[in-house]
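An overview of the molecular structure
Now for the letters of each chain:
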Amino acid sequence: MLKQYPTARYILHRGGWYFLTFLVAVTINFFLPRLGASNPVDIIMGKAGSGLDTEAAREKEESYLKEFGLVQVDATGTILRGPDGKPLKSSNVSQFFNYVKMCFQGDFGTSFQKYPKKVTTIIAEAVPWTLALQLPTIMFGWIVGNVLGALAAYRRGVFDRVFFPLALLLSAVPFFAFGMLLVYVCAIKNGWLPAMGGYAGDLVPGFNFDFFKSAGYHYILPFFSIFLILAGGQAIGMRSMGIYELGTDYIKYAKWLGIKENKILLYLFRNAMLPQLTGLALSLGGMIGGALITEMIFSYPGLGMAILSAIQGQDYPMIQGCTLLVTISVLIANFTVDILIGFLDPRVKAGQMGGN
Amino acid sequence: MTKLLKNLLKSPSFIIGMGLFLLTIGGALLLPFFYHVNLGLQASSYASPNGKFLLGCDHLGRDMVSMLIEGLRSSLYVGLLTGVIATTLGTALGIYGGFKGGWMDDFVNLVTNLFLVIPSFVVLILISSSLSKGRSLTLIGLIIGLTTWTWSARAVRAQAASLKSRDHIALARINGANTFRVLTLHILPYLASYVFMIFILQVASGILSEAAISMIGLGPLDTVSLGTILNDAKNQGGFGDGMWWAFMPATVIITVLVFALYIINTSMEGVFNPRLRK
Amino acid sequence: MPTFEVDHLSLHYLTRFGEKIQAVSDVSFTMEQGEILGIAGESGCGKSTLVNGLMGLFIPPLYPTSGDVRVGGESLMKRTPQDIRKNVLSQKVSMIPQGAFNALNPTRKIKDIAADVIASHTGGHTSKKDIEARLRERFDLFGMDTERVLNAFPIQLTAGERQRSVIGISTLLNPQMVIADEPTSALDVTTQKVVIRMIFDLLEKGIFNTMIFITHELPLLRHVANNIAIMYAGEFVEKGTNEQVVFDPRHPYTQALMGSMLSAEPGQKSRKPVSIEGAPPSLAKVPPGCRFAARCPVARADCKTQKQELRMVAGRLVRCNYAE
């Protein structure tokens, strides 16, 4: 089946694999937080069972327990209670299935810290900021880094001798360290640019000029602190890939044939870019993680801050919602890169068909 | 092997990287003998650098130089611990899988492929946040090591698989040498330099991961690390108020450490892959 | 006037540590139109370096030491790399490399690689349609499924198709002179024959007419070449007609090389490969005397110190003071 449609087969094959990975990620996301001594269920149960005087507070907690499937309910939805009047805890397995069901419905539950706000609502407020910051930064960083790396590999000489150590230093600086340095120099010490937040505190987000201007100012420092480091790392990788490709027979042959230099540079760039693209897929998780920490440094109103405040408030539904969302984004980005490579590199699809 | 070593010693970036790295290790080991490390509360909050406290104090009035020495020791400890765990586990499983094939290989492959796309940063947050009590430096090192070994396994596996088909190894196998013997006598020596490079990168990634996880408040509760210093600086106002000594020295130390490890790796790559030389 | 003249050509590499490696020393020969010269020698003898020199293509760390190469009377040595690229490569001197799989850019279709060659030498005036028509016309000569081959990526072709595509691309601009560097190595016997036949077909059709054929397979050279030169440690040690060199070698190295070839030639007595003991000298420190002396079975006391010049022995050139 599908033998005559190698492209469709390739996409389906990769898609199936990513779906499996997604299931594993959901499982991990559920069980890992429950490994520790102070797991979320016990904390919530503890709070639900004690110290709540008012009927209203108790009701709030119990509806919460029910929503997450943390307690056993009968057919009518009434919470089953033990002899001491405390709700009966449901088994891990049934909690898990409830969790998976909720995930597939796009429901990450209710925030513990900001009750009764839904986790998805909080995330939805944060995601545009993170997308606006990370998507262009990672893409630009990747492209600029690769172009510079390819040039360094091709030209060598003085350009390379200055550029290479600089890129190496940049790639070795941790995201957060560079972010802190930029904030200190450009914002706190000299006051050129704002240090914190995504927009000035006295503004209300909306479609007006003042807001966009303020958001633009606040964008500059986080952008550069991610962009420069990413570009440095990519340039280092591209430089070694480029030097490797330069030694290959097809580049030598192209030179023997007298093919124009800029055309050869194009050959080189395109072919060295393919492993770099694979590299991007593999390092995306790390990049996004680093960028999230940068958001925290800048108190940028994105996912990074949401995770940070959830961690500080031990808001487990929120933490789990964010980590799952980050994982899903990384999976989607990886899948996209995979498909892209399948289209760009004839060897990948041929290998895929040979492999099956 | 000795020739490679000679070539390495000719490479200036290797000398610089190794020199810097050994310097930090030496500092971590020896400084406590020359400097009285005192983590007690000794002065006012964020006291500026002065004759007594060369790099000032933190928000609790602890001597920053003492904190940095302690932090450096912690970072190196975490880095080496995760490096050893991730490299040993990754190399063992990678070699075994690449060489033996079979279900073990399939399993390692599946796990490595899964964890290459599931961000280890996320896994770290999930585990660390569930351990809100008893989160020690060693435990954090263990967790980082156990979440990053897949990367080394994948890298080693590819190398081992390519070695497997080489003549002298095929010959040793035909001559009835047992698997363990072949692995330790024939494959490991060939991979030694490669494994060392992986170790170097894993140490760097361990140091960075610890710093990152500490930055977001999930760091060790039993000791000071460079990451917890940064976290304090950020959360207790030292960073926002421009107290450079609260975060700058720690930032510089982490950067120097990681930079040293990276250039060791890059210079080794250059020596082992002659095409990068010129 | 000879089509191709090489005049005391020496080439060297400069290593990172400033060490000079004399890869090719004092090579001279001339070729008339229609001539096929075979060059043979062990790997590492400088054959491939010589190829770059013959095309005037000096990519660091390779540099010309001295001497000259003239194509149709024009020197290649004093021209700029840009001039060489545009007006010499592919047009006057072209090259058929070995290992055609790796020679073709894996992410580019055959027709695009070929179009790049044309566009790089015409200044880009030619329209895409004209270029494709030209390609089709040329590839139709090769007895392949032209449409499929032109529209394929290298990985979608068989080894033979790839090698023939390479030959087609290398000869696209009708060069005066073709250098084939082991074009048949890594191919099976049947495909080898097809490829050889194709090369000779192109010669007959006049697409090119002068060729240097480099190989380590002497039996093949005997069938292909008019004249044969044997190279050792960067020098020509013997050059004569194919009959002279194959059946009546005079240089001790050529004799040893003939002995070391496992050959199915009828009439050749020994079928057992004889390996030559030892290794060629390091070219970083060129010995003053005969470079083969250390391995030579008939070396005399002064061979290692006495300079050896090419001299006429039995109607061909030999670089050995004691050969007769």
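Our structure's up above, just so we're on the same page.
Residues numbered from 1 in each chain as written. Chains lettered and ligands numbered in written order. Predicted model: local features only at pLDDT ≥ 70, side-chain atom pairs only at ≥ 80, totals over all residues. Heavy atoms only, no water.

1. Comments concerning the overall build of chain C
Helices and strands together make up the secondary structure of chain C, namely eleven helices and twelve strands. For 324 residues, the compact-globule estimate of 2.2 N^0.38 gives 20 Å, and the C-alpha radius of gyration of chain C, at 21 Å, lies within 12% of that figure. For chain C, the spread of C-alpha atoms along the three principal axes comes to 70 × 45 × 40 Å. Out of the 324 residues belonging to chain C, those deemed buried represent 53%. Taking contacts inside chain C between residues at least 6 apart in sequence as the whole, the part at least 24 apart equals 63%. When the accessible surface of chain C is summed, it comes to about 14100 Å², and 53% of that surface belongs to carbon and sulfur atoms. Within chain C, one finds 38 positive and 34 negative side-chain charges whose respective centroids are separated by 3 Å. (Helix = DSSP H or I, 4+ residues; strand = E, 2+ residues; numbered from the N terminus. Rg over C-alpha atoms; globule rule 2.2 N^0.38 Å. Buried < 20%, exposed > 50% of the residue type's maximum accessible area, 1.4 Å probe, protein only. Contact = heavy atoms within 4.5 Å. Areas by Shrake-Rupley, 256 points an atom, 1.4 Å probe, with all protein chains shown as cover. Lys, Arg positive; Asp, Glu negative; His and termini not counted. Charge placed at Lys NZ, Arg CZ, Asp CG, Glu CD.)

2. Description of the overall build of chain B
Regarding its fold elements, chain B presents ten helices and zero strands. Each helix (α) and strand (β) of chain B, taken in turn from the N terminus, gives the series α-α-α-α-α-α-α-α-α-α. Residues counted as buried form 53% of the 278 residues belonging to chain B. Restricting to contacts in chain B with at least 6 residues of sequence separation, those with at least 24 account for 73%. Roughly 11900 Å² of accessible area belongs to chain B as shown, and the carbon and sulfur atoms make up 66% of that amount. Mean positive and mean negative side-chain charge positions of chain B (19 and 11 charges, respectively) differ by 15 Å.

3. Side note on the pairing of strand β3 (residues 36–40) of chain C
Residues and elements named next belong to chain C. Along β3, five of the five residues are buried, which leaves the element largely enclosed by surrounding structure. Going residue by residue along β3, you find I36, G38 and A40 tucked away on one face and L37 and I39 tucked away on the opposite face as well. In terms of strand pairing, β3 meets strand β8 (residues 210–215) through five bridges, oriented parallel. Bridge pairing links I39 to I214 in β8. Pairing between β3 and strand β9 (residues 227–232): four bridges, direction parallel. Each bridged residue has a counterpart across the sheet, and for A40 the counterpart in β9 is I230. (Pairing = 2+ DSSP bridges.)

4. What about the pattern of salt bridges?
Think of it this way: side chains of opposite charge can pair up when their charged atoms draw near. Residue and element names in this part refer to chain C. Tallied over the entire structure, the rule returns 30 salt bridges over all chains. The partner of R79 in a salt bridge is E74, and the shortest N-O contact between them spans 3.5 Å. E74 gets classed as partly exposed once you look at its relative accessible area, which sits at 39%. Beyond isolated ion pairs, a larger network of salt bridges with shared partners links E5, D7, D68 and R70. (Salt bridge = Lys/Arg side-chain N within 4 Å of Asp/Glu carboxyl O.)

5. Brief notes about the sheet that holds strand β1 (residues 4–14) of chain C
All names here are of chain C. Across the sheet, four strands lie side by side as β2-β1-β4-β5; this open sheet has antiparallel pairing. Unpaired on one side and paired on the other, β2 (20–31) and β5 (74–75) mark the two borders of the sheet. Both β1 and strand β4 (residues 62–71) contribute to a ladder of eight bridges, which runs antiparallel. Residue pairing in the sheet places D7 in a bridge with D68 of β4. Contacts from helix α1 (residues 47–55) reach β1, β2 and β4, with the element oriented near 120° to β1. (Axes fitted to C-alpha atoms, helices over the stretch in contact; angles between N-to-C directions.)

6. Regarding the state of the cysteines
Residue and element names in this part refer to chain C. Counting across every chain of the model gives zero disulfides over all chains. With no disulfide of its own, C45 has C290 as its nearest cysteine by sulfur position, at a separation of 15 Å. Here C290 is not cross-linked by a disulfide; its sulfur's nearest cysteine counterpart is in C303, at 5.9 Å. For C290, a relative accessible area of 14% puts it in the buried group. (Disulfide = S-S within 2.5 Å.)

7. Description of the packing of helix α10 (residues 261–297) of chain A against helix α12 (residues 316–344) of chain A
Residue and element names in this part refer to chain A. The contact between α10 and α12 brings their axes to 10 Å, and the two run at 175°. Comparing the axis directions of α10 and α12 gives the class roughly antiparallel. Seen from α10, the contacting residues are R270, M273, L274, L277, T278, L280, A281, L282, L284, G285, I288 and L292; seen from α12, they are V326, V330, A333, N334, V337, L340, I341 and L344. (Parallel < 35°, antiparallel > 145°, perpendicular 65-115°, else oblique.)

8. Regarding the layout of surface pockets
Residues and elements named next belong to chain A. If you add up the space inside the second largest pocket, you get close to 680 Å³. For the second largest pocket, the lining is made up of 24 residues, of which L135, L284, I288, S329 and A333 are closest to its centre. For the lining of the second largest pocket, the elements supplying multiple residues, two or more each, are α5 (119–155), α10 and α12. Grouping the constituent residues of the lining of the second largest pocket by class yields 20 nonpolar, four polar and no charged. (1 Å grid on protein atoms, 1.4 Å probe; cavity = no way out; pocket = protein on both sides within 12 Å on 5 of 7 lines; lining within 4 Å. Points joined across faces, edges and corners; volume = space filled by probe spheres on them. Nonpolar A, V, L, I, M, F, W, Y, C, P; charged D, E, K, R; others polar.)

9. With respect to the interface of chain A and chain B
With 56 residues of chain A in contact, the opposing surface of chain B contributes 46 residues. Interface area for chain A against chain B, summed over the two sides, is near 4400 Å², with a carbon-plus-sulfur share of 78%. On the chain A side of the contact with chain B, F176, M180 and Y184 of chain A bury the most area, a combined 14% of that side's loss. Among the elements that make up the side of chain A that touches chain B, the one with the highest residue count is α12 of chain A (nine residues). Across the side of chain A that touches chain B, the residue classes break down as 38 nonpolar, 17 polar and one charged. (Buried area = accessible area lost by both parts, 1.4 Å probe.)

10. A short note on the environment of H218 of chain A
Residues and elements named next belong to chain A. Following the sequence through the fold, H218 ends up in helix α8 (residues 209–246). The contact partners of H218, leaving out residues within four places of it in the chain, are P194, M196, G197, G198, Y199, A200 and Y300. Only 2.8 Å separates the side chain of H218 from the backbone oxygen of S214, close enough to count as a polar contact. (Polar contact = N/O pair within 3.5 Å; in protein donor to acceptor, adjacent residues only side chain to side chain.)

11. Quick notes on the nonpolar core
Counting 139 residues, the largest nonpolar core has F176 of chain A together with I125 and I216 of chain B as the members making the most contacts within it. Here this core gets 15 residues from one element, more than from any other, and that element is helix α10 (residues 244–272) of chain B. Two domains each donate at least three residues to this core, and these are domain 1 (2–104) and domain 2 (119–354) of chain A. The residues touching I125 of chain B, leaving out its near neighbours within four places in the chain, are I307, I311, I319 and T323 of chain A together with I213, I216 and L218 of chain B. The next biggest cluster of nonpolar side chains, apart from the first, holds 107 residues, and it includes Y253 of chain A together with I36, I113 and L187 of chain C. (Core = buried A, V, L, I, M, F, W, Y, C linked by side-chain atoms within 4.5 Å. Domains from an automatic or database assignment.)

12. Describing the interface of chain C and chain A
Listed as interface residues are 28 residues of chain C and, on the opposing side, 19 residues of chain A. Where chain C abuts chain A, roughly 2100 Å² becomes buried across the two surfaces, and 64% of that area is made up of carbon and sulfur atoms. Three residues stand out in chain C for area buried against chain A, namely P106, T107 and I155 of chain C, and they jointly supply 24% of the buried area on that side. For K263 of chain A, the salt bridge goes to D116 of chain C, with nearest N and O atoms at 3.4 Å.

13. Concerning the environment of L65 of chain A
All names here are of chain A. Inspection of the secondary structure puts L65 in helix α3 (residues 55–67). Taking the relative accessible area as the measure of exposure, L65 reaches 0% and is therefore buried. With 274 residues separating them in the primary sequence, L65 and I339 have C-alpha atoms 42 Å apart.

14. Topic: the packing of helix α3 (residues 64–100) of chain B against α10 of chain B
All names here are of chain B. Contact geometry for α3 and α10: axes closest at 11 Å, N-to-C directions at 30°. Relative to α10, α3 is oriented roughly parallel. The interaxial crossing formed by α3 with α10 has right-handed handedness. Here M64, L68, L72 and L76 of α3 come into contact with α10, specifically with W245, A246, P249, A250, I253 and L257. (Left-handed = near helix turned anticlockwise from the far one by under 90°.)

15. A closer look at the sheet that holds β9 of chain C
All names here are of chain C. One open sheet accounts for eight strands, arranged β6-β7-β8-β3-β9-β10-β12-β11; its pairing is mixed. Each having just a single partner strand, β6 (93–96) and β11 (311–313) make up the two edges of the open sheet. Strand-to-strand, the axes of this sheet are offset by a mean angle of 25°, without reference to chain direction. With respect to the sheet, helix α8 (residues 189–204) is in contact with β3 and β8, its orientation differing from that of β8 by roughly 165°.

16. Considering the packing of aromatic side chains
We describe a pair of aromatic rings using the distance from one ring centre to the other and the angle between the two ring planes. Enumeration according to the criterion identifies 25 aromatic pairs over all chains in this entry. Ring geometry for F211 of chain A and F212 of chain A: centres 5.8 Å apart, planes at 70°, overall edge-to-face. Residue classification places F211 of chain A among the buried residues on the basis of a relative accessible area of 8%. Between Y232 of chain C and F292 of chain C the ring centres are 5.1 Å apart and the planes differ by 80°, which places this aromatic pair in the edge-to-face class. With a gap of 60 residues between them, Y232 of chain C in strand β9 and F292 of chain C in the loop between α11 (252–260) and β11 connect regions that are remote in the sequence. (Phe/Tyr/Trp six-rings, centres within 6.5 Å; stacked < 30°, edge-to-face > 60°.)

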